[in-house]
Amino acid sequence: YADLINHSAFSQAFIDARESGDWLFKNGEEEVILYADRGYRQMEQIYISYGQKSNAELLLLYGFALERNPYNSVDVTVSIAPR
């Protein structure tokens, strides 16, 4: 479990949780690893992507929306009236 890592729709960094140890000898402890998408300076904030989510999904799941969200969408239903 990881918390307090902010979202960016453009980040390619991600986190992974796994049992520590090598493939043959697991030691029973769990670890969380953050894989960075580039080099970061000391004290520079790292962002991960929460996934390709619309503002409605981000608001429902995480409590925020983005001003410029490339994955934002609006459902529009169009129908043709019969004659």
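Preceding this paragraph is the structure being described.
On a predicted model such as this, the values are computed, not experimentally measured, just so you know.

By secondary structure assignment, the location of Ala2 is in the segment before β1 (14–21). Among the residues examined, Ala2 registers a relative accessible area of 32% and is labelled partly exposed. Spatially, the C-alpha atom of Ala2 lies 9.2 Å from that of Asp16, the residues being 14 residues apart in sequence. Discounting residues that sit within four places of it in the chain, Ala2 has contacts with Ile15 and Val32.

Residue placement: Ser20 occurs in strand β1. Contacts of Ser20, omitting those with residues within four sequence positions, involve Lys26, Asn27, Glu29, Glu30 and Glu31.

Before going further, it helps to examine the side chain of Ser11. Position of Ser11 relative to the elements: it lies in the segment before β1. Residue Ser11 is classed as buried on the basis of its relative accessible area, which comes to 11%. A distance of 3.1 Å separates a polar side-chain atom of Ser11 from the backbone nitrogen of Ala13. In this structure the side chain of Ser11 is engaged in a polar contact, spanning 2.7 Å, whose partner is the backbone oxygen of Tyr47. For Ser11, the contacting residues outside a window of four places in its chain are Asp37, Tyr47, Ile48 and Ser49.

What follows concerns the packing of aromatic side chains. Enumeration over the complete set of coordinates arrives at 4 aromatic pairs. Seen in terms of ring centroids, Phe14 and Tyr35 are 4.9 Å apart; in terms of plane orientation they differ by 25°. Their pairing is stacked. Of the two residues, Phe14 sits in strand β1 while Tyr35 sits in strand β2 (residues 26–35), which places them 21 residues apart along the sequence. Ring geometry for Tyr62 versus Phe64: centroids 6.4 Å apart, planes at 35°, classification tilted. Its relative accessible area of 40% is what places Tyr62 among the partly exposed residues. Since its relative accessible area comes to 25%, Phe64 is described here as partly exposed.

Rules used in this analysis
Residues numbered from 1 in each chain as written. Predicted model: local features only at pLDDT ≥ 70, side-chain atom pairs only at ≥ 80, totals over all residues. Heavy atoms only, no water. Helix = DSSP H or I, 4+ residues; strand = E, 2+ residues; numbered from the N terminus. Buried < 20%, exposed > 50% of the residue type's maximum accessible area, 1.4 Å probe, protein only. Contact = heavy atoms within 4.5 Å. Polar contact = N/O pair within 3.5 Å; in protein donor to acceptor, adjacent residues only side chain to side chain. Phe/Tyr/Trp six-rings, centres within 6.5 Å; stacked < 30°, edge-to-face > 60°.

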